[in-house]
Amino acid sequence: METPSLTAAPAASFLSRVDARAKIALLVAYSVAVFLVSTPMGLLALGLLLAAALVAGRLSPRRVFGTGIALYVLVGFVVVLNGLRGPGGWCAGAMAGARLLLALWMSYAVCFSSTSTQLQEALSCLLRPLAALRVPVDDVAITLALALRLMPEVSAAFLRVASAQRSRAAHLDDGGLARRAHAWGAVFAPTLVSLFRRASQMGVALEARCYGLAGSAGAPVRRTQLSRARWRASDTAVTVAVSAVLALSVAFL
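The rules we used
- Residue numbers restart at each chain and count upward from 1, following the sequence in its written direction.
- Residue-level local features of this predicted model are given only where pLDDT is at least 70; pairs of side-chain atoms are given and counted only at 80 or more, and the full residue set underlies all totals for whole chains, interfaces and linings.
- Hydrogens are left out, water is left out, and the side-chain values use all remaining heavy atoms of the structure.
- Axis geometry follows a simple rule: fit a line to the C-alpha atoms, using only the stretch in contact for helices, then measure angles between N-to-C directions, giving values from 0 to 180 degrees.
- In this description a helix means any DSSP run of H or I spanning at least four residues, a strand means any run of E spanning at least two, and both kinds are numbered starting from the N terminus.
- Put simply, angles under 35 degrees are roughly parallel, angles over 145 are roughly antiparallel, angles from 65 to 115 are roughly perpendicular, and the rest are oblique.
- Put simply, a crossing is left-handed when the front helix is turned counterclockwise from the back one by less than a right angle, and right-handed when it is turned clockwise.
- In this analysis, two residues are considered to be in contact whenever any of their non-hydrogen atoms come within 4.5 Å of each other.
- In this classification, the charged set is Asp, Glu, Lys and Arg, the nonpolar set is Ala, Val, Leu, Ile, Met, Phe, Trp, Tyr, Cys and Pro, and all remaining amino acids, among them Gly, are polar.
- Two rings from Phe, Tyr or Trp (for Trp, the six-membered ring) form a pair when their centres sit within 6.5 Å of each other. Planes less than 30 degrees apart are called stacked, planes more than 60 degrees apart edge-to-face, and all others tilted.
- Relative accessibility under 20% of the residue-type maximum defines a buried residue, over 50% an exposed one, and the middle range a partly exposed one, all with a 1.4 Å probe and only protein chains included.
- Residues belong to a common nonpolar core when they are buried Ala, Val, Leu, Ile, Met, Phe, Trp, Tyr or Cys residues joined through side-chain atoms within 4.5 Å.

A. Representation of the packing of helix α3 (residues 40–56) against helix α10 (residues 233–252) in the model. α10 packs onto α3 with a crossing angle of 160 degrees between their chain directions and a minimal axis gap of 9 Å. Put simply, α3 runs roughly antiparallel to α10. The way α3 lies across α10 gives a crossing that is left-handed. Residues Ala-45, Leu-46 and Leu-49 of α3 touch α10, and the partners they reach there are Val-242, Val-245, Leu-246 and Ser-249. Tallied by class, the residues present in the contact of α3 with α10 amount to six nonpolar, one polar and no charged.

Next comes the structure, spelled out in structure tokens:
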């Protein structure tokens, strides 16, 4: 099975030119709005906003929706567990599942339209006021940036291992629940091993780049960027417009 490309550079688009600080702030606002709206019409409005983001980012729906297959199983469990409460539970479960999916897909839109460097720089800038409280802002920023950027890799590794097991005649979709759970165990274990190996490689790469090097006074050396992003009028316009749509959706839908 072919998996979506996760490491490709963002395509040149309107969304990729929006400042990463604006995209992260709007992603947080969007996630909050998703859980504040209480009607299907509100979720539909936020879904249309997601569609607009995909068009503005020239992002393939297959790439966005095809990533995170493993998390779709979690959403399915949420829907089913709510459905066990009765007829009204299915509606509540569908609403909860839609909220999770919208927040997940929008986070992918932000990740796929930004580079890791842009995300790290944006998070470092947004968290800079916490430096007064002796919070290691640069460490937190790179951790969050890597988590955002590499989150889709979990599902990609899962799909790769599942495809490899199927090519070896593994019966992942046959038999009863117990048999399927046992068969999928042969997928989850290699996936975890692959992710730990990836984390180890990333640690070596950070060490090779002298990350965490202490200065002469013992304090961590502040990281610098070759080129810093500049906030433009278009970034302000996008932030104001999207914030207005989110506020109207929460207030009236």
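B. Representation of the packing of aromatic side chains in the model. Per the counting criterion, the structure on display carries two aromatic pairs. Seen in terms of ring centroids, Tyr-108 and Phe-112 are 6.0 Å apart; in terms of plane orientation they differ by 35 degrees. Their pairing is tilted. Of this pair, Tyr-108 and Phe-112 both sit in helix α6 (residues 87–112), four residues apart, which is roughly one turn of the helix. Accessibility expressed as a relative area gives 0% for Tyr-108, which makes it buried.

C. Representation of the nonpolar core within the structure. Core analysis: the biggest nonpolar cluster contains 32 residues, and Tyr-30, Leu-46, Leu-50, Val-64, Leu-102 and Met-106 have the highest contact counts within it. For this core, the secondary-structure elements that each account for two or more residues are α2 (20–36), α3, α6, α7 (116–126) and α8 (137–167). The element best represented in this core is α6, accounting for ten residues. If we ignore the near neighbours within four places in the chain, the residues touching Tyr-30 are Leu-46, Gly-47, Leu-49, Leu-50, Leu-102, Ala-103, Met-106 and Leu-246. Counting residues in hydrophobic clusters, the runner-up holds seven residues, among them Val-161, Leu-172, Ala-183 and Val-187.

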